[in-house]
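Secondary and tertiary structure notes
Residues per chain, in single letters:
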Amino acid sequence: MKEILKKLNIKEVNAGACSGQNAWYEDPEGQELISYDPSTGEPIAKVIQTTDKTYDQVIGQAVQAFKTWRMTPAPKRGQVVRDLGQALREYKEPLGELVTLEMGKIRAEGLGEVQEMIDICDFAVGLSRQLYGLTMHSERPAHRMFEQWHPLGAIGVISAFNFPVAVWSWNAAIAAACGDTTVWKPSSDAPLTAIAVQHICNAVMADHGLQGIFNLAIGRGAVVGERMINDGRLPLISFTGSTQMGRRVSEAVARRFGRTILELGGNNAIIVAGDADLEMAVRTILFGAVGTAGQRCTSTRRIIMHKSVAKELTNRIIKAYEQVKIGNPMKEGTLMGPLVTKAAVEDMMAALEVAKEQGGEVICGGQRLEDLGEQFVEPTVVKMPSQTEIVHNETFAPILYLLEYEDIEEAIRLHNEVPQGLSSAIFTTNLLTAETFLSHEGSDCGIANVNIGTSGAEIGGAFGGEKETGGGRESGSDAWKGYMRRQTNTVNWSKELPLAQGIKFGD
Amino acid sequence: MEIDISPDTPIEELVKLYPEAVSFLSRRGVRCIRCGEPLWCTLGELLYEDGIENPNDLIQELKEHIRKRREQAEDSK
């Protein structure tokens, strides 16, 4: 552990507010935050949290830096992001391991998360030469009409513990290419990975003589989070978290006419049709439901299976679950580590009690694994008689609900019945069934897949969902437009002054 | 055993210091953590939003529950 921390410049006590290499801010009044290893419960290191005073220092730097950053040509901004991607390549192993150490996902997933950071940097470098605006034919003679995309400002990024660094990079790399600066409030359950990333950013910024492009403000939601969402200096807040918090963020930011990108709760299902390749389906279900201990936004939480394959699929799932190696997430071969906090374990156990009260039958797992540590649990499969209230709620834990259907219409109705709309999938070998699922009357989610699962999205597509998932889009495709302001321009190069719609006014 | 919980206790603090509170409150329809993260409000605000009519009574019950859980844990060591 010490070696990882040393490589990443993590000290025993770290300042939690920063704007650059020589701009770590520490207020003696700042409260200590201890980061714990969820596998052992042992403390890793401490952070001095951001206070009102240090928050203002960080925002001041981010706003100031924006004034010059926005005037830096986009391809030049792309070079800074390219160097950030290169630095992340160099630190991939220790940073990925710190992700594992601090929040408990297995090492392969920790490394994969850093790879995602590298990938989005590569994407953003290309994007820096492709911030295209349209040209439109004006209805007035000798007029030119077009649109430009301008940088927006200092952007607030509020991320969650489950992807402690990748979600930041989806926002920060794109925002930087777009000419924005970012202020990052990471989860209080994963502050050290944020400090490590900030050190990497600081070195890259310093190499380019920059400061304040990437900024950090670690602190409680009720302190730093509330300041950010109510701060008119942050024209955009990109928030990843729960629907309940997203509602609060959305209302606060809308009150000041700011913008939000909301990536909120999911309740992702896989429909397994009667003609599905069950072997592929089971492998996918296992990765989707057990990976990251069921703590991904895109984790598979519901299986909607055709009656004709229900028995066989259930047996195969149970068999697969029984072979999951649970334990030290740093160890090769482990497939599931601990839950992030003791509170998360309590939340899971409470949900299972409710599921049982609502007619659910726990057919696999359901127990704490205290021999391994206080935060280890068994991945759990619950057979439900119907889609009861508990199934409509997202529990951030490895609980998989099994439901049955008779025809595709019923499957899609069950699928869309929940309030969330993030990710979805169908396993079928029938083209008509697959296309129905992807059609206007099919899945109502932001992500809909065929013969692959609900999780494991690539950075190239826009990531986000509908309904109570919040409607935001991050990462690839044209999500960059959310980080810029669109300006419509018309230039009259004639010597006349014609009005649109043929209006004559005082002629 | 001093259990310091009041309506002014931030949920972020409550779930760290007293994780047992999460299952107790959840079983009464009050969810402190969502998507694995604690809500940003105080316990009093959350109980009000969830329509709990006698928050002080519930907080007393909560404290008693935590006390019992911790005593049981001590006994089992």
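Everything below is about the structure shown above.
Here goes a summary of the coordinates provided.

Reading guide: rules and limits
Residues numbered from 1 in each chain as written. Chains lettered and ligands numbered in written order. Predicted model: local features only at pLDDT ≥ 70, side-chain atom pairs only at ≥ 80, totals over all residues. Heavy atoms only, no water. Pairing = 2+ DSSP bridges. Helix = DSSP H or I, 4+ residues; strand = E, 2+ residues; numbered from the N terminus. Phe/Tyr/Trp six-rings, centres within 6.5 Å; stacked < 30°, edge-to-face > 60°. Buried < 20%, exposed > 50% of the residue type's maximum accessible area, 1.4 Å probe, protein only. Axes fitted to C-alpha atoms, helices over the stretch in contact; angles between N-to-C directions. Contact = heavy atoms within 4.5 Å.

1. Examining the pairing of strand β7 (residues 143-151) of chain A
Residue and element names in this part refer to chain A. With two bridges connecting them, strand β6 (residues 135-136) and β7 associate as antiparallel partners. Counterpart to threonine 135 in the pairing with β7 is phenylalanine 146. Here β6 hands over to β7 after six residues, with alanine 142 in that stretch at a positive phi of 55°. With nine bridges connecting them, β7 and strand β24 (residues 484-492) associate as antiparallel partners. Bridge pairing in β24 links phenylalanine 146 to asparagine 489.

2. What about the packing of aromatic side chains?
Residues and elements named next belong to chain A. Considering all chains together, one arrives at six aromatic pairs over all chains under this definition. With a centroid separation of 6.0 Å and 80° between ring planes, the pair formed by phenylalanine 161 and phenylalanine 396 is classed as edge-to-face. Of this pair, phenylalanine 161 sits in the loop between β8 (154-158) and α6 (166-177) while phenylalanine 396 sits in the loop between α13 (389-392) and β17 (399-405); the two residues are 235 residues apart in sequence, bridging distant segments of the chain. The same class applies to phenylalanine 161 and to phenylalanine 396, which are both buried.

3. A word on the sheet that holds strand β1 (residues 13-15) of chain A
Residue and element names in this part refer to chain A. Strand order in the open sheet formed by three strands is β1-β5-β4, with mixed pairing between adjacent strands. If you trace the sheet from one side to the other, it starts and ends with β1 and β4 (32-36), each paired once. Each adjacent strand pair in this sheet contributes to an overall mean axis angle of 30°, direction not counted. Taken together, the three bridges between β1 and strand β5 (residues 43-48) define a ladder with parallel strand orientation.

4. Some words on the sheet that holds strand β20 (residues 447-450) of chain A
All names here are of chain A. One open sheet holds the seven strands; their spatial order is β15-β16-β17-β14-β13-β19-β20, and the pairing between them is mixed. Where the open sheet ends on each side, the last strands, each with one partner, are β15 (361-364) and β20. Between one strand axis and the next, the sheet turns through 25° on average, direction left out of account. Relative to β17, strand β14 (residues 300-306) runs parallel, the two being bridged by five bridges. Among the inter-strand pairings, arginine 302 is bridged to a residue of β17, identified as tyrosine 401. Relative to the sheet, helix α10 (residues 278-290) contacts β13 (268-272), β14, β17 and β19 (423-427), its axis offset from that of β13 by approximately 170°. This element, helix α15 (residues 431-438), spans β13, β19 and β20 of the sheet and lies at about 175° to β20.

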